Amino acid sequence: MRITLPLDVYGLILEHCRGGLPLEACGLVAGRQSDGLKEILAAFPVRNADASRSHFSIDPRDQLGAVLAMRAQGLSPLGNFHSHPETPARPSGEDLRLFVDRRASYLIVSLAGPRPAIKSFQVSLADGLPVATEEELDIV
Ligand SMILES: [Zn+2]
């Protein structure tokens, strides 16, 4: 699936991820979905309840607030984002265990290199095991 991310929303995601260093940061993304295209229109930073450098879990109270804000703005939930402060923008083994929604996009921001990198993944099951497939992500 193709997914678009406006530059200003990417900027907000990066700001939140950099602000969370050295810990992983996370949030939700929302927008519109049509055949073959997801358009991210907004990002909702939330707290990483794990406060960890290598894993995350979305704070449930922040998640509720984000979902209510999405609804108020008429946006559909599209997935979430989290940062990898020290590793590439690829799902970790733990990420794959957590990524259970096959409709969701899982965006990963790597802050490990000289410049940030962002990739988006969808997850499916192959022989009962979760497999991540990279989406075609365009910053627009
Ligand atoms: Zn991860």
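Residues numbered from 1 in each chain as written. Predicted model: local features only at pLDDT ≥ 70, side-chain atom pairs only at ≥ 80, totals over all residues. Heavy atoms only, no water.

**Quick word on the overall build of the chain**
- Across its full length, the chain carries three helices and eight strands.
- Over its C-alpha trace the chain gives a radius of gyration of 14 Å, about what one expects of a compact globule, namely 14 Å for 140 residues.
- For the C-alpha atoms alone, the extent of the chain along its principal axes is close to 35 × 35 × 30 Å.
- Burial status across the chain gives 42% buried among its 140 residues. (Helix = DSSP H or I, 4+ residues; strand = E, 2+ residues; numbered from the N terminus. Rg over C-alpha atoms; globule rule 2.2 N^0.38 Å. Buried < 20%, exposed > 50% of the residue type's maximum accessible area, 1.4 Å probe, protein only.)

**Comments concerning the coordination of the zinc ion**
- The coordination sphere of the zinc ion contains the protein donors H82 (NE2), H84 (NE2), D95 (OD) and D95 (OD), at a distance range of 2.0 to 2.6 Å.
- Each of the four donor atoms around the zinc ion contributes to a set of angles spanning 55 to 160 degrees, which defines the coordination as irregular.
- One chain supplies every donor for the zinc ion, spaced along it as H-x1-H-x10-D. In this pair, H82 sits in strand β4 (residues 76-84) while D95 sits in helix α3 (residues 93-98), placing the two residues 13 residues apart along the sequence.
- For H82, a relative accessible area of 0% gives the class buried.
- Taking the relative accessible area as the measure of exposure, D95 reaches 3% and is therefore buried. (Donors = N, O, S within 2.8 Å, 3.2 Å for Na, K, Ca; no water. Tetrahedral: all angles 85-135°; square planar, octahedral: opposite > 155°, others 65-115°.)

**A closer look at helix α2 (residues 60-72)**
- With 13 residues, α2 ought to run about 18 Å at 1.5 Å a step, and its terminal C-alpha atoms sit 18 Å apart, in line with that.
- The N-cap residue of α2 is D59: its side-chain oxygen and the backbone nitrogen of R61 are 3.1 Å apart.
- A positive phi of about 70 degrees marks G74, the residue just after α2. (Expected span 1.5 Å × (residues − 1). Polar contact = N/O pair within 3.5 Å; in protein donor to acceptor, adjacent residues only side chain to side chain.)

**Points about the pattern of salt bridges**
- One pass over the full model with this rule turns up eight salt bridges.
- A salt bridge links D62 to R47; its shortest N-O distance comes to 2.8 Å. Of this pair, D62 sits in helix α2 while R47 is found in the loop between β3 (37-46) and α2, placing the two residues 15 residues apart along the sequence.
- Between R53 and E86 there is a salt bridge; the shortest N-O distance is 3.0 Å. Of this pair, R53 sits in the loop between β3 and α2 while E86 sits in the loop between β4 and α3, and the two are 33 residues apart along the sequence.
- R53 sits in the partly exposed class, given a relative accessible area of 46%.
- Through salt bridges that share partners, R2, E136 and D138 make up one connected network. (Salt bridge = Lys/Arg side-chain N within 4 Å of Asp/Glu carboxyl O.)

**Here we look at the sheet that holds strand β1 (residues 2-5)**
- Here eight strands make up an open sheet; going across it, the order is β7-β6-β5-β4-β2-β3-β1-β8 and the pairing mixed. Across the chains shown, the open sheet's two edge strands, defined by having one partner strand only, are β7 (129-134) and β8 (136-139). Strand-to-strand twist of the sheet, defined as the mean angle between neighbouring strand axes without regard to direction, takes the value 35 degrees.
- Of the strand pairs in this sheet, β4 and strand β5 (residues 105-110) are connected by six bridges, and their pairing is parallel. Its bridge partner being in β5, H82 is matched across the sheet by I108.
- The sheet strands contacting helix α1 (residues 7-20) are β1, β2 (26-34), β3, β4, β5, β6 (117-126) and β8, and the helix crosses β3 at an angle near 30 degrees. (Pairing = 2+ DSSP bridges. Axes fitted to C-alpha atoms, helices over the stretch in contact; angles between N-to-C directions. Contact = heavy atoms within 4.5 Å.)

**Looking at the side chain of Q122**
- Here Q122 lies in strand β6.
- The exposure class assigned to Q122 is buried, which follows from its relative accessible area of 17%.

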